[in-house]
Amino acid sequence: KLKEASDAGFERLSSIKGISPIKSSAAMYMMVRVELDMFRDFEDDVDFCKKLLAEQNVMTFPSKCFFAHGFFRVIVCTSPAVLREFGDRLEEFCAAHYKE
């Protein structure tokens with residue numbers, strides 16, 4: 001079930017402009033790179049995650065929590081349907097902030 005959810009999340013997030021998911025092999029989470037230079041108004045991964053929560057009611061963990069920069073973490077131990085909904089909200093959020 002974890003692999004199924006992880007695969008569904010990776011597949012969904014791979015199609016979103018401005019981010020790059022990293023496929024996990026056996027973890028309950030997935031790291032996602034935020035290509036900050038492709039967006040017009042994010043200072044860093046923390047700012048990205050705060051605005052995502054405020055605008056889409058979606059909680060992610062900035063990589064600063066894990067002593068890294070430019071990523072966020074998504075928990076994938078949920079249903080593929082929930083991950084697809086997350087992907088839809090994330091895509092809408094990214095599109096609203098993407099540099100054209």
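An account of the accompanying structure is given in this report. What you see is a predicted model; the values in this text were computed from it and never measured.

Remarks on helix α3 (residues 80-97)
An α-helix turns once per 3.6 residues; consequently, residues spaced three or four apart project the same way.
Thinking step 1. Here α3 contains 18 residues, and its C-alpha end-to-end distance of 26 Å stays within 8% of the 26 Å for a straight helix at 1.5 Å per residue.
Thinking step 2. Buried positions along α3 lie against α1 (2-13), β1 (19-22), α2 (45-56) and β4 (71-75).

Some points on the pattern of salt bridges
Thinking step 1. Within this structure, the stated rule accounts for six salt bridges.
Thinking step 2. In this structure, Asp7 and Lys23 form a salt bridge, with 3.2 Å as the shortest nitrogen-oxygen distance. With a gap of 16 residues between them, Asp7 in helix α1 and Lys23 in the loop between β1 and β2 (29-34) connect regions that are remote in the sequence.
Thinking step 3. Taking relative accessible area as the criterion, Asp7 reaches 25% and is therefore assigned partly exposed.
Thinking step 4. The partner of Arg12 in a salt bridge is Asp88, and the shortest N-O contact between them spans 2.9 Å. Of this pair, Arg12 sits in helix α1 while Asp88 sits in helix α3, placing them 76 residues apart in sequence.
Thinking step 5. Shared partners join several salt bridges into a network, and the residues in it are Lys3, Asp7 and Lys23.

Criteria and thresholds
Residues numbered from 1 in each chain as written. Predicted model: local features only at pLDDT ≥ 70, side-chain atom pairs only at ≥ 80, totals over all residues. Heavy atoms only, no water. Helix = DSSP H or I, 4+ residues; strand = E, 2+ residues; numbered from the N terminus. Expected span 1.5 Å × (residues − 1). Contact = heavy atoms within 4.5 Å. Salt bridge = Lys/Arg side-chain N within 4 Å of Asp/Glu carboxyl O. Buried < 20%, exposed > 50% of the residue type's maximum accessible area, 1.4 Å probe, protein only.

Such coordinate-based values are descriptive only and should not be taken to indicate function.
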